[in-house]
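Residues per chain are reported as follows:
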Amino acid sequence: NAGVTQTPKFQVLKTGQSMTLQCAQDMNHEYMSWYRQDPGMGLRLIHYSVGAGITDQGEVPNGYNVSRSTTEDFPLRLLSAAPSQTSVYFCASRPTPGTAYEQYFGPGTRLTVT
Amino acid sequence: AQTVTQSQPEMSVQEAETVTLSCTYDTSESDYYLFWYKQPPSRQMILVIRQEAYKQQNATENRFSVNFQKAAKSFSLKISDSQLGDAAMYFCAYRTANAGGTSYGKLTFGQGTILTVHP
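Quick look at the structure, then. (Residues numbered from 1 in each chain as written. Chains lettered and ligands numbered in written order. Predicted model: local features only at pLDDT ≥ 70, side-chain atom pairs only at ≥ 80, totals over all residues. Heavy atoms only, no water.)

## A short note on the overall build of chain B
Helix and strand counts for chain B come out as zero helices and 12 strands. Mapped from its N terminus to its C terminus, chain B presents α and β elements in the order β-β-β-β-β-β-β-β-β-β-β-β. Over its C-alpha trace chain B gives a radius of gyration of 14 Å, about what one expects of a compact globule, namely 14 Å for 119 residues. Seen through its principal axes, chain B has C-alpha atoms that stretch 45 × 30 × 20 Å. (Helix = DSSP H or I, 4+ residues; strand = E, 2+ residues; numbered from the N terminus. Rg over C-alpha atoms; globule rule 2.2 N^0.38 Å.)

## Some words on the interface of chain A and chain B
Taken together, the 29 residues of chain A in the interface contact 21 residues of chain B. Approximately 2000 Å² of surface area, both sides summed, lies buried where chain A meets chain B, with 51% of it carried by carbon and sulfur atoms. Taken together, chain A and chain B are joined by one salt bridge. The residue B:Lys106 makes a salt bridge to A:Glu59 at a minimum N-O spacing of 3.8 Å. (Contact = heavy atoms within 4.5 Å. Buried area = accessible area lost by both parts, 1.4 Å probe. Salt bridge = Lys/Arg side-chain N within 4 Å of Asp/Glu carboxyl O.)

## Some remarks on the pairing of strand E8 (residues 64-69) of chain B
All names here are of chain B. The pairing of strand E7 (residues 60-61) with E8 spans two bridges and is antiparallel. Opposite Thr60, over in E8, you have Ser65 as the bridge partner. Here E7 folds back onto E8 in antiparallel fashion, the turn holding two residues, of which Asn62 has a positive phi close to 55 degrees. Pairing between E8 and strand E9 (residues 74-79): six bridges, direction antiparallel. Bridge pairing in E9 places Gln69 opposite Ser74. (Pairing = 2+ DSSP bridges.)

## Quick look at the pattern of salt bridges
As a working rule, side chains carrying opposite charge can pair if their charged atoms are close by. Residues and elements named next belong to chain A. Inspection of every chain in the model, using the stated rule, returns six salt bridges over all chains. Asp38 is the partner of Arg44 in a salt bridge, and the nearest nitrogen-oxygen pair spans 2.8 Å. By sharing partners, the salt bridges in this structure join Arg36, Asp38 and Arg44 into a single network.

## Examining the environment of B:Phe35
Its place among the elements puts B:Phe35 in strand E5 (residues 32-39). Using a relative accessible area of 1% as the deciding quantity, one classes B:Phe35 as buried. The spacing of B:Phe35 and B:Thr116 is 81 residues in sequence and 20 Å in space, taken between C-alpha atoms. Beyond its immediate stretch of four places on either side in the chain, B:Phe35 contacts A:Glu102, B:Leu47, B:Ile49, B:Arg50, B:Phe75, B:Phe91, B:Cys92, B:Ala93, B:Arg95 and B:Leu107. (Buried < 20%, exposed > 50% of the residue type's maximum accessible area, 1.4 Å probe, protein only.)

## A short note on the sheet that holds strand E7 (residues 64-66) of chain A
All names here are of chain A. Here we have four strands laid out as an open sheet, ordered E1-E3-E8-E7, and antiparallel in their pairing. Strand pairing shows two members of the sheet lacking a second neighbour, strand E1 (4-7) and E7, which therefore form its edges. With strand direction ignored, the average angle separating the axes of adjacent strands in the sheet is 20 degrees. Looking at chain direction, strand E3 (residues 19-25) and strand E8 (residues 76-78) are connected through three bridges and run antiparallel. Across the sheet, Thr20 pairs through a bridge with Arg77, a residue of E8. (Axes fitted to C-alpha atoms, helices over the stretch in contact; angles between N-to-C directions.)

## A word on the packing of aromatic side chains
This model, assessed by the stated rule, comprises 15 aromatic pairs over all chains. Seen in terms of ring centroids, B:Phe91 and B:Phe109 are 6.1 Å apart; in terms of plane orientation they differ by 90 degrees. Their pairing is edge-to-face. Of this pair, B:Phe91 sits in strand E10 (residues 88-96) while B:Phe109 sits in strand E11 (residues 108-109); the two residues are 18 residues apart in sequence, bridging distant segments of the chain. The ring of A:Phe10 has B:Arg43 lying over it, and the distance from NZ or CZ to the ring centre is 5.3 Å. (Phe/Tyr/Trp six-rings, centres within 6.5 Å; stacked < 30°, edge-to-face > 60°. Lys NZ or Arg CZ within 6 Å of the ring centre and 35° of its normal.)

Right, dumping it as structure tokens:
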């Protein structure tokens, strides 16, 4: 198993550009989520999905879109990048919501918006 | 809404000594999970230890143990015999055990504590 993979590892964008952060898992996990990590604020939930075709907003969803067409993939789209979206982004997955299983995190994507 | 607070932005310890990282949380729920995650410079989030709120016994994993005080809403991490490889950012996190509601599956993180280990 590759676990949770994220691409790219690093990205620099100009204000107003769009891009998609890719996330994939090969563990057949139902639950997937996106977090952003900012200094002094820990990780905050952007969007999550409890299964293919089902997504919902987290704590800081503005400026981000998601979709979940397959169990394996959960891409995060930035439609018009802003400097406030400079952050490290983590994708995570977990087998079944509501159980004690911990989340498995991807290696993260460091995004800089200039 | 649940909140998690780590009041120690930075801690340091001598190699082979013991250090305790503090975490407090606020919730109105009775059933939940608490976690400590380690984030080394590689950025990878690594689960260190997990505690289920309905269990009174404190969780332990080798050199890592917790002091879970449910009434005080406190969840500290003790690292014994500290090693250079323990140097990292440590995050405390909370997750509800309730299957319904908008918090379903969400991890709420504290701000993090940077641990430095001196040789």
